[in-house]
Amino acid sequence: MKKLKSLLIVFLLLLLCGCGKEENKDLNNNTNNNQNVETKKVTIVDLNSNERPIAVMINNNKAARPQSGLTDAYLVYEIMVEGGITRMMALYTQDATEEKIGSIRSSRHNYLDYVLENDAIYVHWGGSPKAYEDIDSLNIDNLDGMVYGGKYFVTDKNLNRSLEHTRFTSSNLIRDGIKKLKFKTTTDNGYLLNYTAETVNLAEKEDSKVANKVTIKYSKYQTSSYEYNSEEQVYYRSMNGDAHTDLVTGEHYKFKNIIAYDVKYTSMDNKDRQDLSNVGSGEGVYITNGYSVPIKWTKESRAGKTKYTYLDGTEIDVSDGNTFIQIYPTSGKLTIS
C-alpha cells in the first residue's frame, strides 16, 4: 500500500512538472511572437518628439513664383490677405534639411492663430501693424528678417524679381537663429493632426465622394487646385492652372491630404487687410486617397487647436503624409469632382 501511494505521488509530480513546462513553453512562444510584431510608425513626423515646429511665411504673389522649400513641410496653410492675394505658412520639424525656403514674406495677424495652435517658432520678414502688435503681446518667438536679415536670411540677387520677392532662408539658418536667440525648443502641445500609419479609406465613410480633382477659388486673383495621381496616391498641386513647382529642383509639389473650409473674411483697414471669423465652428471637407468626406471644425480660441472631426464627432484619421489646409472666404468656391 505504501509503495502504491509513493508511485501515485511520483506520477502527480511528473504530471505537474510537465504542465509547468508546457505553460512556460506557451509563454515563451507568445513572447517571441510579440517580439516579431513590427510596430507601424508614421513617416511624416516623429510622434514621440516634443520639439516645437517651425512656421515660415511664404510669399505667394505671382511675381514671387515659383517658391522654394515646400517639399519638407509636413503642413501648409493658405489664407487670403489683402487684394485677393494669398500667402502660405509652411510648418517644418526642427530636423528639416531644406537649403532654400521662400521667398519669405511679411506677417499678418490671422496667421498667428495657426502659429499658436502649433506652438511654433515663427519666421517672417516684416509684418502689418496689427501683426507686430500681436506678436509682441502674445510673446511669440519669432525670427524677423527686418531685424535679422543679414544673419538668418539671404537675398538672391540672381533672380529677375523685385527685392521683396528675393528673400530666403534655410533650415540651417533657422536653427542658428533659434540657438542664438535661445528660444524654447520643446513643447507639450503635440501635433495638430491625428496621424495614422494605416490606410485611410474614406470610401467607407458616409457621404463620401470621389475626389480626383479639387479646386479652391479664393478670389479673382488666386485659385488653388489639385489632381489626384492614383498610382502615387497623392495630389499634384497647381495655382491658377499652372503646376506648382519648386524653384530649385523644378519638382511638382504634391500632397497626401487636403483639408478645406470657408470662413468669413472682413476688411479691417484702408489697406484691405483681412480679419477672419475662425474662432468658433463650421463645416468643411477632408480629402485623401481619391475621396472626400464632409467634416466639422472647431477652434475655441486663437491659441486653441483647431479640431477636425467626422460628422459623428470622432477626430479624423489623417493619412501618413503632408497636408495642405485651405481656409478660403465664404465668397470663394470649392469644387470637387
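What you see is a predicted model; the values in this text were computed from it and never measured.

Scoring rules and cut-offs
Per chain, residues are indexed from 1 in the order of the written sequence. Residues qualify for local features only when their pLDDT is at least 70, as the model is predicted, and side-chain atom pairs are given and counted only at 80 or more; totals for whole chains, interfaces and linings, by contrast, use all residues. With hydrogens and water set aside, each side-chain value is computed from the structure's full complement of heavy atoms. Any carboxyl oxygen of Asp or Glu within 4 Å of a side-chain nitrogen of Lys or Arg constitutes a salt bridge here. Helix and strand definitions follow DSSP, with helices as H or I runs of at least four residues and strands as E runs of at least two, each counted in order from the N terminus. Three labels apply to residues, based on accessible area from a 1.4 Å probe with only protein chains included: buried if under 20% of the type maximum, exposed if over 50%, partly exposed otherwise in between. Grid spacing is 1 Å over the protein atoms alone, the probe is 1.4 Å, and a cavity is where that probe fits but cannot get out, while a pocket is an open set with protein on both sides within 12 Å along at least five of seven lines and lining residues have an atom within 4 Å of a point. Grid points are joined across faces, edges and corners, and a volume is the space filled by probe spheres set on the points. Three categories are distinguished: nonpolar for Ala, Val, Leu, Ile, Met, Phe, Trp, Tyr, Cys and Pro, charged for Asp, Glu, Lys and Arg, and polar for the others, with Gly belonging to the last. If DSSP finds at least two bridges between two strands, the strands pair. Between the rings of Phe, Tyr and Trp (Trp by its six-membered ring), a pair exists once the centres lie within 6.5 Å; its type follows the angle of the planes, with under 30 degrees stacked, over 60 edge-to-face, and the other angles tilted.

Engineer: Which residues make up the pattern of salt bridges, and what are the values?
Structural biologist: A full pass over the atoms with the stated rule returns twelve salt bridges. Close ionic contact of Lys-299 with Glu-117 constitutes a salt bridge, the shortest N to O distance being 3.1 Å. Taken as a pair, Lys-299 in strand β20 (residues 291-299) and Glu-117 in helix α2 (residues 109-117) lie far apart in primary sequence, 182 residues in all. Residue Lys-299 is classed as buried on the basis of its relative accessible area of 1%. Residue Glu-117 is classed as buried on the basis of its relative accessible area of 0%. Measuring nitrogen to oxygen at the nearest pair gives 3.3 Å for the salt bridge that ties Asp-269 to Arg-273.

Engineer: Requested: an account of the layout of surface pockets, with residues and values cited.
Structural biologist: When its volume is computed, the largest pocket comes out at roughly 200 Å³. Thr-43, Ile-44, Val-45, Asp-46, Ser-49, Glu-51, Thr-71, Asp-72, Tyr-74, Thr-93, Asp-95 and Tyr-191 together form the lining of the largest pocket. Of the residues contributing to the lining of the largest pocket, the split by class is four nonpolar, four polar and four charged. In this model, the second largest pocket occupies a volume close to 160 Å³.

Engineer: Which residues make up the pairing of strand β3 (residues 86-92), and what are the values?
Structural biologist: Taking burial as the measure, the seven residues of β3 include seven buried ones, the bulk of the element. The alternating pattern of β3 places Thr-86, Met-88, Ala-90 and Tyr-92 on one face and Arg-87, Met-89 and Leu-91 on the opposite face, and all of these are buried. By the bridge criterion, five bridges tie strand β1 (residues 54-58) to β3 in an arrangement that is antiparallel. Residue pairing across strands places Ile-58 opposite Met-88, the latter belonging to β3. Between the end of strand β2 (residues 75-80) and the start of β3, which pair antiparallel, lie five residues, with Gly-83 showing a positive phi angle near 70°.

Engineer: Now, about the packing of aromatic side chains: what can you tell me, with residues and values included?
Structural biologist: Applying the stated rule across the entire model yields eleven aromatic pairs. Ring plane angle 40° and centroid distance 4.8 Å describe the contact between Tyr-77 and Tyr-114, whose orientation is recorded as tilted. Of this pair, Tyr-77 sits in strand β2 while Tyr-114 sits in helix α2, and the two are 37 residues apart along the sequence. Judged on exposure class, the residue Tyr-77 and its partner Tyr-114 are both buried. Ring centres 6.2 Å apart and planes at 65° place the aromatic pair Tyr-226 and Phe-324 in the edge-to-face group. Placement of Tyr-226 in strand β12 (residues 223-229) and of Phe-324 in strand β23 (residues 323-329) is noted, with a sequence separation of 98 residues between them.

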